[in-house]
Every structure is written in structure tokens, then in C-alpha cells.
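Structural overview for review
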Amino acid sequence: QPALWGSRLIERAAPMGLAFPVAHCAQVGLGGYLIGGGLGLNHDAWGHMACFSIRGADVVTARGELISVDAKRHPDLYWAVRGAGQGFPGIVTKLHLALQPRPRQVQSSVYVLPLAQAAAAAASLQEITADRRTAVEVRMLLAQGADAQPAAIVSVNAFAATADEARASLAPFASSEFAKEALSKTEAQPSSLEQLLMEGVNPTLRDGLASYAVDSIWTARADEAVAAAAEHIARAASPLTHAVIAFKSGRVVPGGAACSRTDRAFVGLYSAWLEPEGDAANLNWLRAASQSLQPFASGYYINEIDIEAAPQRALDCFSARAWRRLADVRHHYDPDRVLLGFSGLG
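The sections below set out a description of the structure shown in this document. (Residues numbered from 1 in each chain as written. Predicted model: local features only at pLDDT ≥ 70, side-chain atom pairs only at ≥ 80, totals over all residues. Heavy atoms only, no water.)

1. Here we look at the pairing of strand E7 (residues 136-144)
Definition in use: Think of it this way: DSSP has to see at least two bridges between two strands before they count as a pair. A helix here means a DSSP run of H or I that spans at least four residues, while a strand means a run of E at least two residues long, and both kinds are numbered starting from the N terminus.
Note that E7 and strand E8 (residues 150-160) share 9 bridges and pair antiparallel. Considered in E8, the bridge of Leu142 is made with Ala152. With 5 bridges joining them, E7 and strand E11 (residues 242-247) adopt antiparallel strand pairing. Counterpart to Leu142 in the pairing with E11 is Ala243.

Below, the structure is given as C-alpha cells:
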């Protein structure tokens with residue numbers, strides 16, 4: 001079901017020795033996350049983006065018909081459901097997914113760095129993750145630290161069959177310069193998929209019921225983009241505001257899906273606040289910070305863009321060829337524009 005939380009899928013698949021690249025936050029439902037691409041748990045090793053693990057869907061069309069969609073039945077809608085985001089011309093009522101073998105070993109290393117070292121660490125992380133053979137997930141968080149001082153927190157999760165294999169995957173990060181200069185670190189600690197998901201829940205946000213404004217880019221210039229983001233994090237309007245950088249190995253995007261635009265790094269800006277009187281200041285912060293990232297953007301991620309501020313960015317969430325094909329699919333299945341589509345673009 002599209003509303004099923006990712007954490008519930010992990011829970012239900014565990015007894016069968018299976019898993020899935022669900023969203024990092026435990027309470028995220030599968031539907032919108034997957035239809036927009038899915039930058040999730042161990043996504044780089046488990047199919048590049050989570051949407052490539054969609055094997056079919058049950059869809060209500062704009063005409064009110066309930067149809068089954070897969071590679072043989074309505075292949076154009078199957079192509080679109082894997083990454084079209086809000087441009088998908090139908091309502092998904094059920095998803096059919098290919099699960100992955102659950103890793104027997106999960107180990108995590110965490111490095112806390114001064115914010116001033118974030119850009120140098122990003123350059124090092126991009127170099128290390130260029131190795132496509134290693135099943136690791138690498139993320140950086142720019143946020144207020146426990147002492148209210150901005151910090152860069154690097155998290156590296158290894159998914160492996162054995163403890164030795166996991167430690168070997170983490171070794172290049174342990175020997176890096178940023179690891180030597182970390183303010184604090186924990187290395188090769190035993191973890192689990194469930195623990196990683198729970199660590200993605202921020203208890204200060206009233207179970208996630210904060211106000212959010214979000215924007216993001218794909219980039220091949222992670223160090224420069226991180227430097228720009230760090231400058232803005234240091235003067236964020238809310239202490240809950242943060243940036244997340246996810247590093248990818250450079251694998252080629254699989255074909256046969258609307259999801260067609262990624263790069264070596266994802267940089268997401270998350271302005272978060274609790275009181276309504278903070279709306280204007282936090283939206284202004286987001287848009288100023290986003291503007292500073294534009295020189296480094298190679299494209300955008302349809303699930304996490306400020307489409308109200310810049311509707312045209314939706315086009316650059318897809319390759320030019322995919323955008324044209326998506327327009328044709330939408331016209332065929334929803335010629336009267338019953339469904340909203342892309343805000344500001346129709």
C-alpha cells in the first residue's frame with residue numbers, strides 16, 4: 001500500500017531475510033517517495049534509486065479505470081511510475097516491489113567535524129566513493145551540534161555478509177584525513193537497518209510535525225556546493241534547519257524509467273521550524289541558500305525541490321528525452337488535465 005511506512009516494510013520483510021531501500025526517516029510512506037525516485041537506505045548498491053525496484057503498480061487513471069501496470073501491461077505508465085513524481089498521470093493504489101537480500105552485517109562509522117572542514121571532507125568522500133564495488137552508504141549532515149555550534153557529521157554505513165567485509169568497506173574512511181582531524185568519532189560499530197531508521201527520527205520535531213521548506217540539487221562539485229551550504233547553515237534562521245549531502249558512486253542511471261537525472265552527490269536543504277511566526281524568515285533563508293547552490297547544480301530531484309519558487313526546475317529533474325516522453329504519457333492518459341501535475345507548469 002502506498003501509505004505504508006518504510007520502517008514497516010523493513011519490519012515485515014525481516015523474517016524472510018529480505019530488505020528494501022526505504023527512506024531514511026522511518027515514518028515516510030512508500031508511495032510518493034518511490035514514484036519520485038527514492039533516495040533511500042543503501043540506495044546506491046540496491047538499484048541506484050529505489051524506484052528501479054518497482055515491478056508493477058495498481059493505478060486508477062484519470063478516467064476512473066483501475067488497471068495493472070508492469071513492463072508488459074501499459075509499459076508507458078510503468079515507465080512513468082518509476083520516477084515521474086507529481087507528474088505521474090494516475091493514482092497509485094498498490095505497489096509491487098522487488099526486495100533485496102537483507103545484509104547479515106551492518107556497521108557504522110560516524111565522524112564529527114568543525115563546519116569549516118565540511119568542504120574538504122566532501123572532496124575526500126567523493127574521491128573514496130568513486131569505487132563502485134563497495135556497498136557503503138555515505139552521508140554528511142550540516143547542522144547545529146549538541147553545543148549549539150554548527151558541525152559537519154559524516155555517517156558511513158557498510159552493508160555486508162560478514163563483519164570482516166564490513167570493516168574492510170569502512171577502512172578507507174578510517175584512514176582519511178578528515179577522520180584524523182575529527183572532533184569525535186566512533187568507528188565500525190555494529191548496527192542494523194532498524195537502528196539506522198530510528199536514528200533518522202529527530203525527537204525535537206514533535207514526531208516530525210514541524211514546518212518544513214525544502215530544496216535540493218544534484219551536483220558533480222560536492223566540495224563547492226557543501227562550502228556554500230555550510231556558510232548558510234552557520235546563519236540559519238532556525239536551530240532545527242539542516243543540510244544533507246548523499247554521495248553516490250557514479251553508477252550510470254539504469255534505463256527504462258522516468259527517473260533519469262542524478263549525479264555524484266545530492267545536496268538537500270531542509271529549513272525546519274516549530275512556530276508559524278517563523279514562516280517568512282525560514283522561507284527566505286531557504287531561498288537564499290538555494291540560490292547559492294545554483295552554480296554547482298547539474299539537475300534536481302523531483303521529490304525535494306521548492307517548486308513554488310522555481311517551477312521550471314521540474315524540467316531539469318529529468319533528461320530532455322524523459323521530459324518529452326513524460327509529456328506524451330500524461331497527454332495520453334490525462335488529456336483533460338484532471339490531475340494536478342507539476343505545480344506552475346500544468
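2. Looking at the packing of aromatic side chains
Inclusion rule: Paired rings are identified among Phe, Tyr and Trp, the last through its six-membered ring, by centres lying within 6.5 Å, and are further divided according to the angle between planes into stacked (under 30 degrees), edge-to-face (over 60) and tilted (the rest). Think of it in three bands: residues with accessible area under 20% of the maximum for their type are buried, residues over 50% are exposed, and the middle band is partly exposed, with areas taken using a 1.4 Å probe on protein chains only.
Inspection of every chain in the model, using the stated rule, returns 8 aromatic pairs. Ring geometry for Phe266 versus Tyr301: centroids 5.7 Å apart, planes at 90°, classification edge-to-face. One end of the pair, Phe266, is in strand E12 (residues 265-273); the other, Tyr301, is in the loop between helix H9 (279-293) and helix H10 (320-333), and 35 residues separate them in sequence. Of the two residues, Phe266 and Tyr301, neither departs from the other in class, the shared state being buried. Relative to Phe342, the ring of Phe318 has its centre 6.1 Å away and its plane inclined at 70°; by these criteria the two rings are edge-to-face. Of this pair, Phe318 sits in the loop between H9 and H10 while Phe342 sits in the segment after H10, and the two are 24 residues apart along the sequence.

3. Looking at the pairing of E11
Extensive coverage of E11 is indicated by the burial of 6 of its 6 residues. Residue alternation in E11 divides its side chains into two sets, His242, Val244 and Ala246 and Ala243, Ile245 and Phe247, and both sets are buried. The sheet contact formed by E11 and E12 spans 6 bridges and is antiparallel. Bridge assignment links Ile245 to a residue of E12, and that residue is Val267.

4. Quick look at the sheet that holds strand E9 (residues 184-190)
Note the threshold: To obtain an axis, a line is fitted to C-alpha atoms, over the contacting stretch when the element is a helix, and the angle between two such axes runs from 0 to 180 degrees between their N-to-C directions. Contacts are assigned to residue pairs that have any heavy atoms within 4.5 Å of one another.
Spatial ordering of the open sheet is given by E9-E6-E8-E7-E11-E12-E10, a layout of 7 strands whose pairing is antiparallel. Both outer strands of the open sheet, E9 and strand E10 (211-219), are each paired with one neighbouring strand and no more. On average, adjacent strands in this sheet sit at an angle of 15° to one another, irrespective of strand direction. Along the sheet face, helix H4 (residues 118-128) touches strand E6 (105-114), E7, E8 and E11 and points at about 170° away from the line of E7. Along the sheet face, helix H8 (residues 222-233) touches E7, E10, E11 and E12 and points at about 30° away from the line of E7.

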